[in-house]
Amino acid sequence: MWYHKPVINEELVQSLPNLKVVASSGVGIDHLDLKLLSSYGVKVSNTPFIVSTDTADMGMALLLASSRRLVEGHEMAVSPDTEYFPVDWLGVEVSGATLGIVGMGTIGYKVAERAKAFEMKILYHNRNQRKKEEESAVGAIYCKKIDDLLQQSDFVLLAVNLTPQTHKLIGKRELELMKPTAILINISRGLVVDQDALVEGLQNKVIKAAALDVTYPEPLPRDHPLLKMKNVIITPHIGSATKKTRWVMMEEMAESIEAGLAGLPVPREVL
C-alpha cells in the first residue's frame, strides 16, 4: 500500500482468498482495519522507523519557515511589484523560544534533539513519561496535562498517531488555550486538528500562524480558506519524502511481503 491505496475493505479481502500480508508504507495505520485483516489471517506490516529522521527534519523546517515567514518573504522578493523591502517586516525568534511537542515517540524525540540545538525550551505531552535520562539528554520537561503545554508554548508541534483518542485533539478549546503569538505545526495526521476550528482561530487571531504537512482531505479543495491565508504554510504530506528514505521504505515493504509469502515471521509486523 502506498498513500493508503488500495483501500482495504471486506469486499477486497474476500476477493483475494490467497492474501497473506498487507505491507503499508509509512508509520500510520489509521487507514487499516486490523481486526478485519486479522479475522482473515492476514498479517500487516509498516515502516515505522525509517521515516522518523526525515519527518523530524520536516517538523523543524516548518517551524523555521513559519517563524521567519519564509514563504511570504520569497513571494515578496520575487514579486514584480516589489520596489523595496520594508524594514518593519519581521518574524519571531526561535532560539530561546518554548516548543511544546505533543507526542514524544520516535519522531517527537528526534524533533526535541533538533530543537535543543536551537537552544529552545522543550515541553512535551505524551501518554507515558520518558525516562529521566532521555528527558535530560534533550532538556525536555513533561507536561502530564496537555493544557499546561498549550498555555506555555510559543510553538506547538503535533507528532501523534491518529487514533480515536487523538481525533480532533486540537479544537476550538485547545486553540484558545494557546498564546495569541503561538504557531501550530502538524506533521502527524490532518484529522488530529479540527480544521474548521483552526480556520476560525487563524481568522480571529486566536493564534498567530500554522504550518501543516498534513490536512484532510489531501489535497484540500482548491477553494479552502486555509489555502488563501498568508499566515499558513501547507506542504503536500512530504515528511518522509526523500530519495533514500523512500527507497528503504520500499525495500522494507518487499522484505515483509517475501516473509509473509514464505510463512516466516513478518518484519515490523503490526499486532
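Scoring rules and cut-offs
Residues numbered from 1 in each chain as written. Predicted model: local features only at pLDDT ≥ 70, side-chain atom pairs only at ≥ 80, totals over all residues. Heavy atoms only, no water. Buried < 20%, exposed > 50% of the residue type's maximum accessible area, 1.4 Å probe, protein only. Helix = DSSP H or I, 4+ residues; strand = E, 2+ residues; numbered from the N terminus. Arc of directions from axis to C-beta. Pairing = 2+ DSSP bridges. Right-handed = clockwise from strand over helix to strand, strands pointing away. Salt bridge = Lys/Arg side-chain N within 4 Å of Asp/Glu carboxyl O.

The next thing to look at is helix 4 (residues 70-78). Residues Glu72, Gly73 and Met76 constitute the buried set of helix 4. With its buried residues spanning 100° around the axis, helix 4 presents them on a single face. Opposite the buried face of helix 4, by more than 90 degrees, sit the exposed residues His74 and Val78.

Another aspect to go through is the pairing of strand 8 (residues 209-212). Side chains of strand 8 alternate between two faces, with Ala209 and Ala211 and Ala210 and Leu212 buried alike. Relative to strand 8, strand 7 (residues 183-186) runs parallel, the two being bridged by 4 bridges. From the neighbouring strand, Ile183 faces strand 8, where its bridge partner is Ala209. Crossover handedness for the path strand 7 to helix 9 (residues 195-203) to strand 8: right-handed. Examined bridge by bridge, strand 8 and strand 9 (residues 232-234) share 3 bridges and lie parallel to one another. For Ala211, the partnering residue across the bridge sits in strand 9 and is Ile233.

Moving on: the pattern of salt bridges. Going through the model one piece at a time under the given rule, you end up with 12 salt bridges. The residue Asp154 makes a salt bridge to Lys179 at a minimum N-O spacing of 2.9 Å. Separated by 25 residues along the polypeptide, Asp154 in the loop between helix 7 (146-152) and strand 6 (155-158) and Lys179 in the loop between helix 8 (172-177) and strand 7 bring together distant segments of the chain. Classification of Asp154 as partly exposed rests on a relative accessible area of 21%. Relative accessible area serves as the criterion here: at 26%, Lys179 is assigned to the partly exposed category.

Take it as geometry only, folks, not as evidence of what the structure does.
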